[in-house]
Amino acid sequence: MIQDFSDIEDTITESSIWENTKVFMSKHVDFGKDISISIFDIVVVITVIFITTIILRLVLRIITRNLPTVDKGKFNVVFGYFRWLIYLVILLVTFHTVGINVTAVFAASAALLIGIGLALQTLFQDIISGVFILIDQSVHVGDIIELDGKVGRVEEIKLRTTRAVTIDNKVLVIPNHLYLENSLYNWTQNGTTTRESVSVGVAYGSDVQLVKKLLLQAASTNSDVISSPEPTVIFTNFGDSSLDFKLVFTINDSFKAQFPKSDIRFEIDRLFREHNVSIPFPQRDIHIIQKLD
C-alpha cells in the first residue's frame, strides 16, 4: 500500500514537472507587435542549427577527402563563406516552419539590412574576386605579382584579400576587387626565370663592337645570370647625345632582380672606364642673341 502511494506521488510530481516545462516552453518573447518567438521556437532553431552544422561538417569531410592538400585548403575557404548562406536559408525556413512571421522580420530589419548592404558592397566585391582567383588560379602562393605599380611575392590568398611581401620585407595587403579593376602582371606564372635588362648610352664615335663585348662580359661574369638563354645586346637607338644599348639577360629570382642589375651596372661602369668608353651626359648648345640699341 505504501509502495502504491509512493508511485502515485512520483507520477504526480513528474506530471507537475512536465506541465511546468510546457508552460515555460510556451512563453513568448515579443519583438514589436508583429514578431513573437516562444522559448520552444528558440530551442527548435538552436537544434536545427546544431544539426545543420554536423551535416555540413560531414559533407565537407566527404567532398575534400580525396582532394590534394592545396585544393582542399582553397575549397575550405570557399565553403566557409557559402556556409553562412546555407545557415541563413535554413534559419528562414525554420522560422517559417515554427510559425514566425518572416515577412515581419524582414520589414523590421529593412533599414538595417539596407545599411549593412551598402557598407558591405566592397566586401562582397572582394569575396567574388577571391572566388574567381581561386577558381581560375591566375595567382598562386609564391608568385611574384605587380599590381597598380606595387610588386610583391604572394604569401597568402584569402577570399577578401591577398597578402604579399615586398622586396623591402613590408607586408602588402591587396583587396581582391583590385584584380577586376586593374591589370595584373604575374612575373612568374610561366616559370621562375625572367628576362631582365639594363640600358646604357655611350658617346658618339665609340667602338660599338667593343661596347657589345664589354656588356656581354658584365652579364656573363655575374653569378645570378644564367647561361641559357645567353645574354644579348640590342642596339636600340641613335639618341640625341648617345648611342643607346640594352643588355638583356635571364635570372632565376626576379623578385630580387634589382640587386644583380645593380651589380651589372657597377661592372659596366668599371669596364667602360678601363677601356676608355665614355658615357655621355645630355648637352645643349645655347645661342645668346644680343640686341644692339
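Residues numbered from 1 in each chain as written. Predicted model: local features only at pLDDT ≥ 70, side-chain atom pairs only at ≥ 80, totals over all residues. Heavy atoms only, no water.

### Points about the overall build of the protein chain
Consideration 1: Of regular secondary structure, the protein chain possesses nine helices and ten strands.
Consideration 2: By the burial criterion, 29% of the 293 residues in the protein chain qualify as buried.
Consideration 3: Considering only contacts within the protein chain whose residues lie at least 6 apart along the sequence, 62% involve residues at least 24 apart.
Consideration 4: When the accessible surface of the protein chain is split by element, carbon and sulfur atoms take 60% of a total near 20200 Å². (Helix = DSSP H or I, 4+ residues; strand = E, 2+ residues; numbered from the N terminus. Buried < 20%, exposed > 50% of the residue type's maximum accessible area, 1.4 Å probe, protein only. Contact = heavy atoms within 4.5 Å. Areas by Shrake-Rupley, 256 points an atom, 1.4 Å probe, with all protein chains shown as cover.)

### Considering helix α9 (residues 258-274)
Consideration 1: Its 17 residues place the ends of α9 24 Å apart at the C-alpha level, agreeing with the 24 Å of an ideal helix rising 1.5 Å per residue.
Consideration 2: What α9 keeps buried is the set P260, K261, I264, I268, L271 and F272. For α9, the arc enclosing every buried residue in end-on projection is 110°, short of the 170-degree limit, so these residues lie on one face. Along α9, the residues that are exposed and aim more than 90 degrees away from the buried face are F266 and R273.
Consideration 3: Where α9 is buried, its residues contact β8 (194-202), α8 (208-220) and β10 (243-251).
Consideration 4: A positive phi of about 55° marks N276, the residue just after α9. (Expected span 1.5 Å × (residues − 1). Arc of directions from axis to C-beta.)

### A word on α8
Consideration 1: Helix length check: α8, at 13 residues, gives a terminal C-alpha distance of 18 Å against a target of 18 Å (1.5 Å per residue), a fit within 8%.
Consideration 2: Contacts from the buried residues of α8 go to β8, β9 (232-238), β10 and α9.
Consideration 3: The N-cap residue of α8 is D207: its side-chain oxygen and the backbone nitrogen of Q209 are 3.2 Å apart. (Polar contact = N/O pair within 3.5 Å; in protein donor to acceptor, adjacent residues only side chain to side chain.)

### Structural notes on the sheet that holds strand β4 (residues 150-157)
Consideration 1: The five strands are arranged β6-β5-β4-β3-β7 in an open sheet whose pairing can be described as antiparallel. The outermost strands of the open sheet, each flanked by one partner alone, are β6 (171-175) and β7 (184-186). Looking at each pair of strands side by side, their axes are set apart by 40° on average, direction ignored.
Consideration 2: Relative to β7, strand β3 (residues 144-147) runs antiparallel, the two being bridged by three bridges. From the neighbouring strand, E146 faces β7, where its bridge partner is Y185. (Pairing = 2+ DSSP bridges. Axes fitted to C-alpha atoms, helices over the stretch in contact; angles between N-to-C directions.)

### A closer look at the environment of S278
Consideration 1: Examined against the element boundaries, S278 turns out to sit in the segment after α9.
Consideration 2: Here S278 falls in the partly exposed class, since its relative accessible area comes to 43%.
Consideration 3: Distance from S278 to S206, taken between C-alpha atoms, is 7.7 Å for residues 72 residues apart in sequence.
Consideration 4: Ignoring any residue separated from it by four or fewer positions in sequence, one finds S278 in contact with G201, V202 and A203.

### Observations concerning the nonpolar core
Consideration 1: Ranked by internal contacts, the top residues of the largest apolar core, which has 21 residues, are L215, F245, L247, I264, I268 and F272.
Consideration 2: Elements represented by at least two residues in this core include exactly β8, α8, β10 and α9. (Core = buried A, V, L, I, M, F, W, Y, C linked by side-chain atoms within 4.5 Å.)

### Details of the packing of aromatic side chains
Consideration 1: This structure, assessed with the given rule, holds two aromatic pairs.
Consideration 2: Arranged with centres 4.5 Å apart and planes meeting at 25°, the rings of F235 and F245 form a pair that is stacked. Here the residue F235 occupies a position in strand β9, and F245 occupies one in strand β10, the gap between them amounting to ten residues.
Consideration 3: Judged by relative accessible area, F245 falls into the buried class, the value being 4%.
Consideration 4: Members of the aromatic cluster, each reached through a chain of ring pairs, are F235, F238 and F245. (Phe/Tyr/Trp six-rings, centres within 6.5 Å; stacked < 30°, edge-to-face > 60°.)

### A word on the pattern of salt bridges
Consideration 1: Inspection of the entire model under this criterion finds five salt bridges.
Consideration 2: R273 is the partner of D269 in a salt bridge, and the nearest nitrogen-oxygen pair spans 2.9 Å. Placement of both D269 and R273 in helix α9 is noted, with a separation of four residues, approximately one turn of the helix.
Consideration 3: Using a relative accessible area of 62% as the deciding quantity, one classes R273 as exposed.
Consideration 4: If you follow the salt bridges from partner to partner, you end up with E267, R270 and E274 in one network. (Salt bridge = Lys/Arg side-chain N within 4 Å of Asp/Glu carboxyl O.)

### Topic: the pairing of β9
Consideration 1: The pairing of β9 with β10 spans six bridges and is classified as antiparallel. When the bridges of β10 are listed, T232 appears paired with V248.

### Considerations on the packing of α8 against α9
Consideration 1: Two elements in contact, α8 and α9, have axes separated by 9 Å at closest approach and are oriented at 140°. Here α8 lies oblique to α9, going by the angle between them. For the element pair α8 and α9, the recorded crossing hand is right-handed. Contacts between α8 and α9 pair V211, L214, L215, Q217, A218 and A219 from the former with I264, E267, I268, L271 and F272 from the latter.
Consideration 2: Broken down by class, the residue content of the contact of α8 with α9 amounts to nine nonpolar, one polar and one charged. (Parallel < 35°, antiparallel > 145°, perpendicular 65-115°, else oblique. Left-handed = near helix turned anticlockwise from the far one by under 90°. Nonpolar A, V, L, I, M, F, W, Y, C, P; charged D, E, K, R; others polar.)

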